[in-house]
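Spelled out from the first residue to the last, the chains are:
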Amino acid sequence: MATVTSSADTKLCLPQVTLCAASSVNIQATLRALRACLAQVDVAACKFFTDADDLAEEGGIAIVPIRRLQSASDYSTFLLSDMVDHIDTPYCLVVQWDGHIVNASKWRADFLDYDYIGARWPQFDDGHDVGNGGFSLRSKRLMDKCRNADFQHMHPEDVAIGRVNRDWLESWGIRFAPAELADQFASERVGNPRASFGYHGVFNMPHAIGTQAFWSVYRDLDDRSTVWHDFAGIFRAVGRGAGGWLRMAAMTRDYVRDFWRKHRGISARCA
């Protein structure tokens, strides 16, 4: 049973959970997210699946070598097909560089009554709205079912689980958390990152960890492709407070530079 104590010197204890992340880019930002979780929670194990070859185990984070993830589709394939081989606990908590635990005091023991919990998708109103995989709790039982021959593999992996295959998974007794509980577990497109157990989404980071902390993370990213999609919202967020205009100017410069580099790279490949 997960326990929470009132002492400021103790952590939330989740012996049934393995904390996981998988990435070939933004390595330091991903390690920061794992550290942010471990600062608040004791888990059975913490594993970072990556092809980066210059990392050493530190602070309880085990480095697990994998083939390079060349694309977001490769990431989906790894989570759906391969990661379960490395999980020895009943549950896995998946985090990404832009999504992690914010407030461990928001943990609820009944999160473990379900096989899948991720932040709710407000764009869907058909009851299949749970949810985002970037910060998600999933059971090993669910992960095993994702390798069944009848499971329809596709990218992104969270849509494959939460929408495309949800009815089929539920026919096997797989339980998805209700939307109300998912809102307490994590925020993404809805909710307050500081009022839930965790969050996902780079657009939420300035609020979740503070503008200055976000700026430090952003400056060290080697792949800002996920930032581009939400550039306007992040741009406004980093502009608040002291030094905001300088951050906005630097972000604009980075956006133009990164876009031009990508454009040149695509042109070179096409040629």
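Residues numbered from 1 in each chain as written. Predicted model: local features only at pLDDT ≥ 70, side-chain atom pairs only at ≥ 80, totals over all residues. Heavy atoms only, no water.

Along the protein chain, the regular secondary structure elements total eleven helices and eight strands. By principal-axis analysis of the C-alpha atoms, the protein chain measures approximately 50 × 50 × 45 Å. Looking at the protein chain as a whole, 48% of its 271 residues are labelled buried. Residue pairs in contact within the protein chain that sit at least 24 positions apart in sequence constitute 66% of those at least 6 positions apart. For the protein chain, the accessible surface area stands at approximately 12,700 Å², while carbon and sulfur atoms represent 52% of it. (Helix = DSSP H or I, 4+ residues; strand = E, 2+ residues; numbered from the N terminus. Buried < 20%, exposed > 50% of the residue type's maximum accessible area, 1.4 Å probe, protein only. Contact = heavy atoms within 4.5 Å. Areas by Shrake-Rupley, 256 points an atom, 1.4 Å probe, with all protein chains shown as cover.)

This part takes up the pairing of strand β1 (residues 12–22). Of all eleven residues making up β1, nine are buried, and the element is well covered by its neighbours. Note that β1 and strand β2 (residues 41–50) share eight bridges and pair parallel. Of the residues in β2, the one forming a bridge with Cys20 is Lys47. Crossover connection from β1 via helix α1 (residues 27–38) to parallel β2: handedness right-handed. Bridge analysis of β1 against strand β4 (residues 91–94) gives four bridges, and the strand direction is parallel. If you follow Leu19 over to β4, its bridge partner there is Leu93. (Pairing = 2+ DSSP bridges. Right-handed = clockwise from strand over helix to strand, strands pointing away.)

Direction vectors running N to C along helix α2 (residues 72–82) and helix α4 (residues 157–164) enclose 55 degrees, while the axes themselves pass 8 Å from each other. One element, α2, and the other, α4, form an angle in the oblique class. Contacts between α2 and α4 involve Tyr75, Ser76, Leu79 and Leu80 on the former and, on the latter, Glu157, Ala160 and Ile161. Grouping the constituent residues of the contact of α2 with α4 by class yields five nonpolar, one polar and one charged. (Axes fitted to C-alpha atoms, helices over the stretch in contact; angles between N-to-C directions. Parallel < 35°, antiparallel > 145°, perpendicular 65-115°, else oblique. Nonpolar A, V, L, I, M, F, W, Y, C, P; charged D, E, K, R; others polar.)

For the rest of this paragraph, the subject is the confidence of the model for the protein chain. When pLDDT is averaged across the protein chain, the result is 90; 93% of the residues are at 70 or more. Note on residues 1–8: pLDDT is under 50 here. Beyond four places in sequence and across chains, it has twelve contacts. Note that pLDDT drops below 50 for residues 266–271; the model gives that stretch zero contacts with residues more than four away or on any other chain. (pLDDT = per-residue confidence, 0-100.)

We now examine the packing of aromatic side chains. A full pass over the atoms with the stated rule returns 14 aromatic pairs. For the ring pair Tyr116 and Phe176, a centre distance of 5.7 Å and an interplane angle of 50 degrees mean the geometry is tilted. Pair noted here: Tyr116 is in strand β5 (residues 116–118) and Phe176 is in the loop between α5 (166–171) and α6 (179–185), with a separation of 60 residues, a long-range link. Between the aromatic rings of Trp121 and Phe124, the centroid separation amounts to 5.8 Å while the plane-to-plane angle is 80 degrees, which identifies the pairing as edge-to-face. Given the relative accessible area of 6%, Trp121 is considered buried. An aromatic cluster of at least three residues, connected via ring pairs, comprises Trp107, Phe111, Phe135, Phe185 and Phe197. For Arg163, the ring lying beneath its charged end belongs to Phe124, and the centroid distance is 3.6 Å. (Phe/Tyr/Trp six-rings, centres within 6.5 Å; stacked < 30°, edge-to-face > 60°. Lys NZ or Arg CZ within 6 Å of the ring centre and 35° of its normal.)

Relative to the 16 Å expected for twelve residues at 1.5 Å per residue, α1 spans 17 Å between its end C-alpha atoms, a close match to the ideal helical length. Listed in full, the buried residues belonging to α1 are Ile27, Ala29, Thr30, Leu31, Ala33, Leu34, Cys37 and Leu38. Packing partners of the buried residues in α1 comprise β1, β2, β3 (61–65) and α8 (211–219). (Expected span 1.5 Å × (residues − 1).)

Turning to the side chain of Ser23, a few remarks are in order. Mapping Ser23 onto the fold places it in the loop between β1 and α1. A polar atom in the side chain of Ser23 sits 2.5 Å from the backbone oxygen of Val25. Once residues lying within four places of it in the same chain are set aside, the contact partners of Ser23 are Thr30, Phe48, Phe49, Thr50, Asp51 and Leu69. (Polar contact = N/O pair within 3.5 Å; in protein donor to acceptor, adjacent residues only side chain to side chain.)

Here we take up the sheet that holds β2. Picture the strands of a sheet paired through backbone hydrogen bonds; they go either parallel or antiparallel. The strand order β3-β2-β1-β4-β6-β5 describes an open sheet built from six strands, whose pairing is mixed. Here the strands that pair on one side only, and so sit at the sheet edges, are β3 and β5. Each neighbouring strand pair of the sheet contributes to a mean axis angle of 25 degrees, computed without reference to strand direction. Contacting β1, β2, β4 and β6 (136–139), α2 crosses the sheet at an angle of about 140 degrees to β1.

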